[in-house]
Amino acid sequence: MAIQEDDFKRVISHAKEYGFVFQSSEIYDGLSAVYDYAQQGVALKNNIKDYWWRAMVQMNNHIVGIDSAIFMHPTIWKASGHIDAFNDPLIDNKDSKKRYRADVLIEDHVAKIEAKIEKELAKAAKRFGDAFDPEQYKATNERVAGYVASSKNILARMGDALTAEDLQGVKSLIEELGIVCPISGSANWTDVKQFNLMFGTKIGASADTAMDLYLRPETAQGIFVNFLNVQKTGRMKIPFGIAQIGKAFRNEIVARQFIFRQREFEQMELQFFVRPGTQKEWYEKWKETRMKWHYSLGFSPDNYRFHDHDKLAHYADAAADIEFKFPFGFKELEGIHSRTDFDLSSHEKYSGKKLQFFDPELNESYVPYVVETSIGVDRMFLAIFSKALEEETLENGSTRTVLKLPAVLAPTKAAILPLVKKDGLSELAQSIFEELQWDFAVSYDEKDAVGRRYRRQDALGTPFCITVDHQTKEDQTVTIRHRDTMAQERVAISELSQIIDRAVNVKHWLQKMK
Ligand code: ATP
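Thresholds, definitions, all that
Every chain's residues receive numbers from 1 upward, in the order its sequence appears when written. Reporting in this predicted model follows two pLDDT cut-offs: at least 70 for local features of residues, and 80 or more for side-chain atom pairs to be given and counted; totals over whole chains, interfaces and linings ignore these cut-offs and use all residues. Only heavy atoms go into the side-chain values, all of them from the structure, while hydrogens and water stay out. Each helix is a run of H or I in the DSSP string that is no shorter than four residues. Each strand is a run of E no shorter than two, and both are numbered from the N terminus. This radius of gyration counts C-alpha atoms alone. The globule rule is 2.2 Å times how many residues there are, raised to the power 0.38. Think of it in three bands: residues with accessible area under 20% of the maximum for their type are buried, residues over 50% are exposed, and the middle band is partly exposed, with areas taken using a 1.4 Å probe on protein chains only. For this analysis, residues touch if any pair of their heavy atoms sits within 4.5 Å. Nearness of a residue to a molecule or strand requires only that one of the residue's heavy atoms be within 4 Å of it. Under the rule applied, a polar contact is a pair of N or O atoms within 3.5 Å (in protein, one hydrogen donor and one hydrogen acceptor; residues adjacent in sequence only if both atoms are side-chain atoms). In short, Shrake-Rupley with a 1.4 Å probe defines the accessible areas, and a residue's cover is counted only from the protein chains shown. Throughout this entry, Asp, Glu, Lys and Arg are counted as charged residues, while Ala, Val, Leu, Ile, Met, Phe, Trp, Tyr, Cys and Pro are counted as nonpolar. The remaining residues, Gly among them, count as polar. We define a salt bridge as a contact between a side-chain nitrogen of Lys or Arg and a carboxyl oxygen of Asp or Glu at a distance within 4 Å. Where each domain begins and ends is defined by an automated method or by a domain database. Two strands qualify as a pair provided DSSP detects at least 2 bridges between them. Angular values range over 0 to 180 degrees, each being the angle between N-to-C directions of two axes fitted as lines to C-alpha atoms, with helices fitted over their stretch in contact.

**Digging into the overall build of the chain**
Here comes step 1: When helices and strands are counted, the chain shows 18 helices and 23 strands.
Here comes step 2: Over its C-alpha atoms the chain spans a radius of gyration of 26 Å, differing by no more than 12% from the 24 Å that the globule rule assigns to 514 residues.
Here comes step 3: C-alpha extents for the chain along the principal axes are approximately 75 × 60 × 55 Å.
Here comes step 4: Buried positions account for 51% of the 514 residues belonging to the chain.
Here comes step 5: Across the chain, contacts joining residues at least 24 apart in sequence account for 65% of those joining residues at least 6 apart.

What follows is the structure in structure tokens.
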């Protein structure tokens, strides 16, 4: 059974106990909503980034990558709209003095209604068996249809109020829904205010020449301002894309849910430049492609869903999230946005430079339209990690904790274990380790009884354990143990490389997208 909502704490403690994620500055009591990736975590994170980069850049001849600086000219944030519009609506509870994002309070309220729908559906599915059609039930069962209509209505009203910047309307909705502060339990709210999420800093040595800067809140703008440089030097023809992985910073108010919402995080973004008028087609295509990428990792498709936006950002003409079933419910994992020509046109205006493409087929120049896909590395990490963590009850009644990471993402692909430390087995295991090390991330461990070492590797998500025993000395064979099934088989040392490669090779995994 996969870990459930109330076990989210276990996900966090497993991440700490096994060296995946630590609270930043822990010996100084930590820094809120900032995290460090530890020895195992950094490997998982790098593998996630590599899996994305290969799918997006390496496998697409018309997509190239860049790595732009975090510091950028401050006018960029004026042009992008971040100075004026990158705000969250905040509300304080007067009794607990706690601050919340007003939209998140409303969304959490809707999530509770959605949980009721899920519960009703699960009950009905049991009752009706195989013939059960959840969509039909949602439409026809009076109570469930009522829940569905009410959650839709609340989100639409919130969307309208936010689009119209009607902060009083947002507050009224909170009051009308009877939303109370989870800490004080009271509905004693302040008015809703806007709060800018960008971190400010300064560049330059002396106070009078120093220039105010912002830490970038998204990586996308680094792509837009390099659009022409890349298009010209890369001789790119529309449609083409520019991809980037990098840090972004947001002064988030709701600083909880572990690495789901951090103040410093990493994004993997693609800006795909298209002919004006074709953006809807590309938007649909990228929605589909990105979902296939997620599916390729092998978790059940039930864990993913699209959420089309009611409230569009100032730059978008269509937007959807890919939501993932995190331990605390369905939440945004990735955003896909049709950004129109908003960014490039705005940079033209503010920089005074033309950012256009001459289309030889149309024999005209235009500002391209853009479709963006944007996913947080850390959210992807949390999605994979929480879904992979399982507590299994074995046939003999004992339990084992196993991290069923997709093998392609696992930090360590195989652990080489001598059965005992004597009789030359260590040396033999060591030599196997040194050979495999050229091609794979492998580890060597000779501490403790072998059973305990297996369990440790299960908890780390290592797909294979390779055990060297006395027979190995005689016939050059080892036992290979599979993490998910715990099945063991005897294979020749010479076959190991091929067996591991078959399981972890990126090609085998990405081919599932076809
Ligand atoms: P949310 O509504 O959850 O605040 P967002 O809509 O502001 O997210 P985008 O601006 O679309 O997010 O950013 C793209 C992606 O970056 C998100 O889908 C998410 O995966 C990631 N992301 C955004 N903010 C954070 C954060 N504070 N911590 C970790 N990842 C984040």
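**A look at the site of the ligand**
Here comes step 1: Neighbouring residues of the ligand: 17 residues in total, closest Glu252, Arg261, Gln262, Glu332 and Leu333.
Here comes step 2: Arg101 has a polar side-chain atom sitting 3.4 Å from an oxygen atom of the ligand.
Here comes step 3: Protein chains bury 86% of the 600 Å² of accessible surface belonging to the ligand in isolation.
Here comes step 4: Counting only elements with at least two residues in the shell around the ligand, the list comes to β10 (264-274), β13 (329-340) and β16 (369-376).
Here comes step 5: The element that contributes the greatest number of residues to the shell around the ligand is β13, accounting for 5 residues.
Here comes step 6: Taken together, the residues of the shell around the ligand break down into 4 nonpolar, 6 polar and 7 charged.

**Considerations on the pattern of salt bridges**
Here comes step 1: Following the criterion strictly, the structure yields 37 salt bridges and no others.
Here comes step 2: Measuring nitrogen to oxygen at the nearest pair gives 3.2 Å for the salt bridge that ties Asp308 to Lys287. In this pair, Asp308 sits in strand β11 (residues 304-308) while Lys287 sits in helix α11 (residues 279-295), placing the two residues 21 residues apart along the sequence.
Here comes step 3: Take Asp308: its relative accessible area is 46%, and that puts it in the partly exposed class.
Here comes step 4: Residues Asp458 and Arg481 are paired through a salt bridge, measuring 3.0 Å at the closest nitrogen-oxygen approach. Note that Asp458 is positioned in helix α15 (residues 450-460) and Arg481 in strand β22 (residues 477-482), a separation of 23 residues in sequence.
Here comes step 5: Relative accessible area serves as the criterion here: at 0%, Asp458 is assigned to the buried category.
Here comes step 6: Connected through shared salt-bridge partners, Glu390, Glu392, Arg400, Lys404, Asp458 and Arg481 make up one network.

**Digging into the domain arrangement of the chain**
Here comes step 1: Splitting the chain by domain gives domain 1 (1-70 + 223-391), domain 2 (87-196) and domain 3 (394-513).
Here comes step 2: The straight-line distance from the C-alpha centre of domain 1 to that of domain 3 is 33 Å.
Here comes step 3: Each partner contributes to the interface: domain 1 provides 24 residues, whereas domain 3 provides 22 residues.
Here comes step 4: At the boundary of domain 1 and domain 3, one finds 1 salt bridge.
Here comes step 5: In this structure, the salt-bridge partner of Lys404 is Glu390, at a minimum N-O distance of 3.5 Å.
Here comes step 6: Where domain 1 touches domain 3, the interface holds 6 residue pairs in polar contact (both at pLDDT 80 or more).

**As for the environment of Gln23**
Here comes step 1: Mapped onto the secondary structure, Gln23 falls in strand β1 (residues 21-23).
Here comes step 2: On the accessibility criterion, Gln23 (27% relative accessible area) is partly exposed.
Here comes step 3: Note: C-alpha distance between Gln23 and Ile174 (151 residues apart in sequence) is 33 Å.
Here comes step 4: The contact partners of Gln23, leaving out residues within four places of it in the chain, are Gly30, Leu31, Ser32, Ala33, Val34, Tyr35 and Asp36.

**Some words on the environment of Ala33**
Here comes step 1: With respect to the element layout, Ala33 can be found in the loop between β1 and β2 (35-37).
Here comes step 2: Ala33 gets classed as buried once you look at its relative accessible area, which sits at 5%.
Here comes step 3: Ala33 sits 222 residues away from Ala255 along the chain, and the two C-alpha atoms are 5.3 Å apart.

**Some details on the sheet that holds strand β19 (residues 414-418)**
Here comes step 1: Here 5 strands make up an open sheet; going across it, the order is β20-β19-β21-β22-β23 and the pairing mixed. The sheet is open, and its two edges are formed by β20 (442-444) and β23 (488-492), each paired on a single side. Sheet twist, expressed as the average angle between the axes of neighbouring strands with direction ignored, equals 25°.
Here comes step 2: Sitting on the sheet, helix α17 (residues 496-504) is in contact with β19, β21 (464-468), β22 and β23, with an inclination near 170° to β21.

**With respect to the environment of Arg101**
Here comes step 1: Checked against the element boundaries, Arg101 lands in strand β5 (residues 99-101).
Here comes step 2: Judged by relative accessible area, which is 11%, Arg101 ranks as buried.
Here comes step 3: Sequence separation between Arg101 and Leu90 is 11 residues, and the spatial gap between their C-alpha atoms is 4.6 Å.
Here comes step 4: Looking at Arg101, its side chain comes within polar contact range of the side chain of Asp88, at 3.5 Å.

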